[in-house]
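If you want the building blocks of each chain, they are given just below.
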Amino acid sequence: MENFEQLRTVKFYSGEVTPLEMHKVRVVQKLNLLPIEERKESIFGAGFNTFLLQNKDVYLDMLTDSGTNAMSDNQVAAMSVADDSYAGSASYTKLEKAISDVFNQKFFLPVHQGRAAEHIIAKSFCKPGTVVPMNYHFTTTKAHIEMMGSAVEEIYTDEALKTKSSFPFKGNMDINKLNRVIEKWGAENVAYIRFEAGTNLIGGQPFSMANLREVSAIAKTHGIMVLMDISLINENLYFIKVREEGYQNKPIKDILHEMLSYTDFSYFSGRKVSCTRGGGICTNNHDIYMKMRDWVPLYEGFLTYGGMSVREIEAMSVGLYETLDFNVISHSPTFIKYLVDSLDKRGIPVITPSGGLGCHLDAGQFLSHIPQTQYPAGALAAAMYICSGIRGMERGTISSVRDENGDDVLADVELLRLAFPRRVFTLSQIKYAEDRIQWLYDNRHLVGGLEWTEEPPVLRFFVGKLKPIGDWVEKLVAKFREDFGDSL
Ligand SMILES: *Cc1c(COP(=O)(O)O)cnc(C)c1O
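Please read all numbers here as calculations on a predicted model, not as lab measurements. (Residues numbered from 1 in each chain as written. Predicted model: local features only at pLDDT ≥ 70, side-chain atom pairs only at ≥ 80, totals over all residues. Heavy atoms only, no water.)

## Considering the UniProt feature "domain: Aromatic amino acid beta-eliminating lyase/threonine aldolase" (unreviewed entry) in the protein
Selection criterion: UniProt positions are given in the numbering used here, feature names are shortened, and annotations may be inferred rather than shown by experiment. Here a helix means four or more residues in a row that DSSP labels H or I, a strand means two or more in a row labelled E, and each is numbered from the N terminus.
Feature annotation in UniProt assigns "domain: Aromatic amino acid beta-eliminating lyase/threonine aldolase" (unreviewed entry) to the following positions: residues 61–433. Along residues 61–433 one finds 43% helix and 13% strand; the C-alpha atoms at either end are 11 Å apart.

What follows is the structure in structure tokens.
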């Protein structure tokens, strides 16, 4: 499997292997690290829900990689030459050229963000009685498909949801399951097969080119379209290059063009892939393009901006070319690998192998003394913030729902996700996270569960409020003071 040497060619004299930033920081944003007593107050104020923390009270914001990535100097420069016009903007012509050069796709529909592409695709191709098989769902994707009356069938492999694994391509589709789904529904009722690059909810895990090739061949025999969600394509590209036999010496561009040659159409969230905002749908098939085209002016904006500002469009073009730069796309995966491997070596429960989106702590194992009905992942997110000022995202039973009897539907896995926005954090900041996770692990017996104080009926994880069961927070803060003195 890959090592950090692939990020660049320098070697440390000591033999130590660490990732190295291949950029320098020229614009900075000041951060706050509040004393632990104030962090305690903030988390009480936020109802033990990291979504409700104020960013000014957060040291490292590892909630998400969406819209929080660093832009390059060239992207910022491009924004100042943007050509403002409603129709036929020169900035848009540049974007079309980037789509053609980088993705090798002829037709493009711009939209304001990834879920808007999902809306238009679902509206154009999904209807009751049809199904969309996919390696795994993403929240907004599934909602749009189901809203149009289509069903979603997830056909991930047995490795995908294992917390401990050395399988390099957890984002693969299970070919037998795919064949069974096609047989069950009939090929004519498969709206399209959806392949998600860098599978978000499995932890930024990639699929292999071999698996994609096989799925595409099956789709062709049945006359079924293949759609790829390329929001997280950068890291999937990186993993194919370093993990898959036969791709080590291939240029990124060739790998990307090969991937997209197996698709009929694709779409992306610019908040991830190009470190901007916006999004779009790409295809080389004129009929597919025409089926969707007229929805864009209705829902998004005219065909030469699709709800994006021209500044975003300029930055997006530059950002897309930068996905072809190995130093750019290797940054997140190598930094994530650094943290995941280090925690794994120390016996701290973390999802393996490392993926492209963030570090996922296995809260079910980490806090195995807390029952799922007292939300171990939520408790770990709160405890992490209290001991470090780092904000992660609960991905466990709080993010789930209640059934018709009012009981929690327990999540398959209880995770705390620490996302790595692209090229935002330095290695010393990651080492800080590593240190505080170790401290928290050594003191995990002090952490207790949570209970609701305000529980909204829908999407409760966004704005719901909880409180600690018992006085575990006071005990955790006291132990921190004992170990760290008056350090932050
Ligand atoms: C973020 C994301 C989306 C949705 O994109 P938005 O720009 O947030 O609307 C869709 N698919 C994947 C894989 C994503 O990561």
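On we go.
## Overview of the site of the ligand
Rules: Near is defined per residue: the residue qualifies when any heavy atom it owns lies within 4 Å of the molecule or strand. Residues adjacent in sequence count toward polar contacts only when both atoms are side-chain atoms; beyond that, a polar contact is any pair of N or O atoms within 3.5 Å, and within protein one must be able to donate a hydrogen and the other to accept it. A 1.4 Å probe and the Shrake-Rupley method give the accessible areas. Residues count as covered only by the protein chains that appear here. Gly falls in the polar group here, along with every residue not listed as nonpolar (Ala, Val, Leu, Ile, Met, Phe, Trp, Tyr, Cys, Pro) or charged (Asp, Glu, Lys, Arg).
With respect to spatial proximity, 13 residues lie near the ligand, and among them Gln-113, Arg-115, Asp-229, Ser-269 and Lys-272 are the closest. Take Arg-115: an N or O atom from its side chain is 2.7 Å from an oxygen atom of the ligand. A distance of 2.7 Å is found between a nitrogen atom of the ligand and a side-chain nitrogen or oxygen belonging to Asp-229. Computed on the free molecule, the ligand has an accessible area of 380 Å², of which 98% lies beneath the protein chains in the complex. When contributions to the shell around the ligand are tallied by element, the ones reaching two or more residues are α4 (114–125) and α10 (270–273). Tallied by class, the residues present in the shell around the ligand amount to 1 nonpolar, 6 polar and 6 charged.

## Observations concerning the side chain of Ser-317
Applicable threshold: Whether two residues touch is decided by their heavy atoms; if any such pair falls within 4.5 Å, the residues are in contact.
With respect to the element layout, Ser-317 can be found in helix α13 (residues 310–322). Reaching out from Ser-317, the side chain makes a polar contact with the backbone nitrogen of Leu-95 at a distance of 3.4 Å. For Ser-317, the contacting residues outside a window of four places in its chain are Ser-91, Lys-94, Leu-95 and Ala-98.

## Notes on a nonpolar patch on the surface
Note the threshold: Patches were defined on residues exceeding 30% relative accessible area and lacking a salt bridge, with like-charge contacts within 9 Å and nonpolar side-chain contacts (Val, Leu, Ile, Met, Phe, Trp, Tyr) within 5 Å. Any Lys or Arg side-chain nitrogen located within 4 Å of an Asp or Glu carboxyl oxygen qualifies as a salt bridge.
A surface patch of nonpolar side chains, amounting to about 390 Å² of accessible area, comprises Val-458, Leu-459, Phe-462 and Val-463. Examined against the element boundaries, Val-458 turns out to sit in the loop between β13 (450–454) and α18 (460–463).

## Points about the side chain of Gln-113
Keep this limit in mind: Using a 1.4 Å probe on the protein chains alone, a residue whose accessible area is under 20% of its type maximum counts as buried, one over 50% counts as exposed, and one in between counts as partly exposed.
Position of Gln-113 among the secondary structure elements: in the loop between β2 (107–111) and α4. A relative accessible area of 17% means that Gln-113 is categorised as buried.

## A few points about the sheet that holds strand β11 (residues 393–395)
As a reminder of what qualifies: One bridge is not enough; two strands pair if DSSP finds at least two bridges between them. Note on geometry: axes are C-alpha line fits, over the in-contact stretch for helices, and angles between N-to-C directions span 0 to 180 degrees.
Strand order across the open sheet formed by 3 strands is β9-β12-β11, with antiparallel pairing between neighbours. Two strands in the sheet have a free side with no partner beyond their single neighbour: β9 (358–362) and β11. Strand-to-strand twist across the sheet, computed as the mean angle between neighbouring axes with direction ignored, equals 30°.

## Thoughts on helix α14 (residues 326–345)
Inclusion rule: What a helix should span is 1.5 Å times the count of its residues minus one. The seven residues ending at a residue and the seven starting there each receive a fitted axis; the angle between those axes is the bend at that residue.
In a regular helix each residue adds 1.5 Å, so 20 residues correspond to 28 Å; α14 covers 27 Å between its end C-alpha atoms and thus fits that length. The largest bend in α14 amounts to roughly 30° and is located at Ser-332, with the proline Pro-333 lying one to four residues further along. In terms of residue burial, α14 counts as a mostly covered element, since 16 of its 20 residues are buried.

## Digging into the packing of helix α8 (residues 233–243) against α14
Cut-off, in case you're wondering: Angles are sorted into four bins: roughly parallel if under 35 degrees, roughly antiparallel if over 145, roughly perpendicular if 65 to 115, and oblique for all others.
Packing of α8 against α14 brings their axes to within 9 Å, and their N-to-C directions diverge by 90°. Put simply, α8 runs roughly perpendicular to α14. Residues Asn-234, Glu-235, Leu-237, Tyr-238, Phe-239, Lys-241 and Val-242 of α8 form the contact with α14, whose participating residues are Phe-326, Ile-329, Ser-330, Ser-332, Pro-333 and Thr-334. Split into classes, the residues belonging to the contact of α8 with α14 amount to 7 nonpolar, 4 polar and 2 charged.

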